Amino acid sequence: MSDPTRERIVATFDRELASTPLPPGLRERTIHAAVTAPRTSPREPRLLALVAAVVALAVIATLVLTHQQASPVPAVKPSGPPPPRTDAAVTYDAARGQLVVFGGSTGGRQLGDTWTWDGKNWRHERPPVSPSARMSAASAYDQVHHVVVLFGGRPTGGPQIVDLSDTWTWNGQTWTQQHPAHSPKLSYDSPATMGFDPASRSLLLFGFAKVTTGSSTNMTPQTWSWSGSDWTQLNPPAMPQSIGDMFSDGRHLFLTAPPAGVSGAGSHFQMSEWDGRSWVGVASQNVIPPYGSGIMSAAFDVQRDELVVLNGDTWTWSQSRWRRQHPTQQPPTGYMMYFPPLHEVISFGERWGESSNAVSGWNGADWIVLTPSTVPPQPTPAGRFGPSTPAAAETFIRQTVKSSSPVLLPAWLPAGMEASGLATADYFDVTYLNDQRDKSIEVLLGAGSPPPGDANSSDTYVKFRNALALKYQRPGYAEYFVYDPSNPVGNRFLTWIEPGTMSVGGSTSSGVWYLVGASGLTDQEFWQVANSLR
Amino acid sequence: MVTTASLDDSGLVPAARAGDERAFDAVVGPMIAPGYRLAVVLLRDSGEAEDAVQEACVKAWRNLRTLRDDAAVRTWFLSIVANQCRSMRRTRWWSVVRHGLLEISDHARSSAVEDELDLESQLSRLPDTDRAVLFLFFYLDLPLSEVGRILKITPEAAKSRVHRAVTRLRLSMTEVKT
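Please read these numbers as outputs of a predicted model, since none were measured by experiment.

### Brief notes about the overall build of chain B
(1) Moving on: Looking only at helices and strands, chain B features eight helices and one strand.
(2) Moving on: Listing each helix as α and each strand as β along chain B from the N terminus yields α-α-α-α-β-α-α-α-α.
(3) Moving on: Once local pairs closer than 6 in sequence are excluded, the contacts in chain B between residues at least 24 apart make up 61%.
(4) Moving on: Total accessible area on chain B stands at roughly 7,000 Å², and carbon and sulfur atoms take up 49% of it.

### Concerning the packing of aromatic side chains
(1) Moving on: With the rule as written, the count across this model stands at 30 aromatic pairs over all chains.
(2) Moving on: Ring centres of Phe247 of chain A and Phe254 of chain A lie 5.2 Å apart, and the angle between their planes is 15°; this geometry places the pair in the stacked category.
(3) Moving on: One aromatic cluster is present, formed by Phe428, Phe464, Tyr480, Trp496, Tyr514, Phe526 and Trp527 of chain A through successive ring pairs.
(4) Moving on: Between Arg6 of chain A and the ring centre of Phe137 of chain B, over which it is positioned, the NZ or CZ distance is 5.4 Å.

### Describing the environment of Ala26 of chain B
(1) Moving on: Structurally, Ala26 of chain B can be placed in helix α2 (residues 21-43).
(2) Moving on: Along the sequence, Ala26 of chain B and Leu12 of chain B sit 14 residues apart, while their C-alpha atoms lie 7.2 Å from each other.

### Quick notes on the confidence of the model for chain B
Low-pLDDT stretches of the model should not have their predicted coordinates read in fine detail.
All names here are of chain B.
(1) Moving on: Per-residue confidence for chain B averages 72 on the pLDDT scale, and 69% of its residues sit at or above 70.
(2) Moving on: Across residues 1-8, confidence stays below pLDDT 50; counting only partners more than four residues off in sequence or on other chains, it has 13 contacts.
(3) Moving on: Low confidence marks residues 172-178, where pLDDT is under 50. Its contacts with residues over four positions away, or in another chain, come to 24 contacts.
(4) Moving on: Scored as a whole, the predicted complex attains pTM 0.68, and scored at its interfaces, ipTM 0.78.

### Topic: the nonpolar core
Residues and elements named next belong to chain B.
(1) Moving on: With 65 residues, the main nonpolar core has Phe24, Leu38, Phe77, Leu134, Leu136 and Leu151 as its most contacted residues.
(2) Moving on: In terms of residue count, α2 provides more of this core than any other element does, 13 residues in total.
(3) Moving on: Those residues in contact with Leu151 that sit more than four places away from it in its chain are Ala82, Ala132, Val133 and Leu136.

### Quick word on the pattern of salt bridges
(1) Moving on: Applying the stated criterion across every chain, the model contains 22 salt bridges over all chains.
(2) Moving on: Close ionic contact of Asp93 of chain A with Arg96 of chain A constitutes a salt bridge, the shortest N to O distance being 2.5 Å.
(3) Moving on: The buried category is assigned to Asp93 of chain A, whose relative accessible area is 0%.
(4) Moving on: Glu146 of chain B is the partner of Arg74 of chain B in a salt bridge, and the nearest nitrogen-oxygen pair spans 2.7 Å. Taken together, the residues Arg74 of chain B in helix α4 (residues 73-88) and Glu146 of chain B in helix α7 (residues 144-151) connect sequence positions 72 residues apart.
(5) Moving on: With relative accessibility at 37%, the residue Arg74 of chain B sits in the partly exposed group.
(6) Moving on: What makes Glu146 of chain B buried here is its relative accessible area of 7%.
(7) Moving on: Several salt bridges share partner residues, and in doing so they unite Asp313, Arg324, Glu418, Asp435 and Arg437 of chain A into one network.

Cut-offs and rules
Residues numbered from 1 in each chain as written. Chains lettered and ligands numbered in written order. Predicted model: local features only at pLDDT ≥ 70, side-chain atom pairs only at ≥ 80, totals over all residues. Heavy atoms only, no water. Helix = DSSP H or I, 4+ residues; strand = E, 2+ residues; numbered from the N terminus. Contact = heavy atoms within 4.5 Å. Areas by Shrake-Rupley, 256 points an atom, 1.4 Å probe, with all protein chains shown as cover. Phe/Tyr/Trp six-rings, centres within 6.5 Å; stacked < 30°, edge-to-face > 60°. Lys NZ or Arg CZ within 6 Å of the ring centre and 35° of its normal. pLDDT = per-residue confidence, 0-100. Core = buried A, V, L, I, M, F, W, Y, C linked by side-chain atoms within 4.5 Å. Buried < 20%, exposed > 50% of the residue type's maximum accessible area, 1.4 Å probe, protein only. Salt bridge = Lys/Arg side-chain N within 4 Å of Asp/Glu carboxyl O.

So this is what it looks like as structure tokens:
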């Protein structure tokens, strides 16, 4: 590596980070907050006592039964819930009526443990043979061979990281490694997904392989079918360009997917159906939920004949129509599946986080906690607010932001918006969302930088307020960026320097950077918001 | 409370596991600053970065018993921070730079200064994952194998991303050592 390159990049990061210096006392506050946080839930002693009592009863019952019968009866040994985990393989095992959880990561450590949940109790399985610890393995229940199939994943414990391509099956008692003649070689830069197609009675795997041609490497989608003993690559004429979840409505197999690439043109959730030969896009009658932060989970509610989606909110999809639900308690985006013994969709833990190991069930109108989390809730960080009314948010922001002036907030917003965000002495960032989540507005102190990659984007300078001069521009102009001008409600933002003072890290400078960004608003609506800033 | 006064470095992790705040501070405390900077690079927001580091620290405290290699604290903690950032990443489709850094336009800037500002602009427009590999590889000077473990990608993928990001920045690159 040439030293000048390193030096320039380091110097650039230095300048960038100089604007966000280490907050004074962060180390002391962070360490103290951590060590005063309970390592186990206050509920756990009672839970352990309960578990101990149950185990004792089970042992006594076993002894009695053993005394009365010739053959021993295995003791049921329920345990507490598994540690919260991200990137685990979670599947419903129909043959045994259990949820099966394998691997993932917790606290930075990769896991190779197996847990089952029968609708009431967790059990830490201790099979004689297990796959190695890994994250992001794909798994699904094979309705033909009545086993859970697990494929691949990524271990991150060793000095060299190699994407796995091994295949395992779970029969309720142990894992068995399969030795197929062919195996997909998929990259877990985009974790693969697996599901059973009831129409063709086959297990399908969808993922991306790295294909190198000359000096370039591309991620190529691949679809594979599992016969029970070998993998066969299929060659569908059309395939999604990104991966979400597979789910089945009992008749067909579907694949959800976020938009591929940069989502600046509007981030829409996509769905494809496997027609036995190819992936076919599924049309929807209304606006589909925004894909949001890229975190979502989905399962089909066979009882109610609708898809249930978690993405920070709860959504259902039936008869080609999306509906936002309003549960009294919103679980994190967990591992979701339909759980036939309870006749409802359940969500376990947090799929890309470790905030919970609870199991919640969807009763068609609300989420009900079936087994509580043993992870203590995190306190709300200082300065966070919402969701609240825009008026309440404005009051909080104006009372909190004292070191940067002026504080500009919109006097006009589209109807039905709720506000949430962060406000500190010298900074604020507020996001307004409507109920259907198809309109969002963000106002913050800062400068925007458009995403790369779209040649049609419009980046212009427009006369706005009494803005101070931007780079290469005269005073009185703001930068107006529209990601896709052909989309009347596409993403856009406006950034400028407002006359005033701004304090960052204890030093005060003149001029306050502002940004107003929006998705789902028409140009007219956007400017109505921007021109109402007071 | 166990005192750390008599503990050498090899005893710090066990003492921290046992609940010693000072030992935990000695083990994880030095990682707070690089963890915060990594979070700023990934989240581009100091408030969210602070939240991410605080949550990562709580997870580190709760999961210290799972740390198998006491010498690998840096990789372990930064991987928790990176994972926390991933789960916190907001819905923004633009990147935001809070500053300070973007000072008021000065038409009298030298071309060298303009070049550096352009580099800042290009760096701010890179995808978060590319920014993260550049930060870990160049700024923290970590080997690619460690960069890979923190970001849960292969060293080859880390190397490839460094090359790609440097190319996007239109800088020269002669060699990347694993």
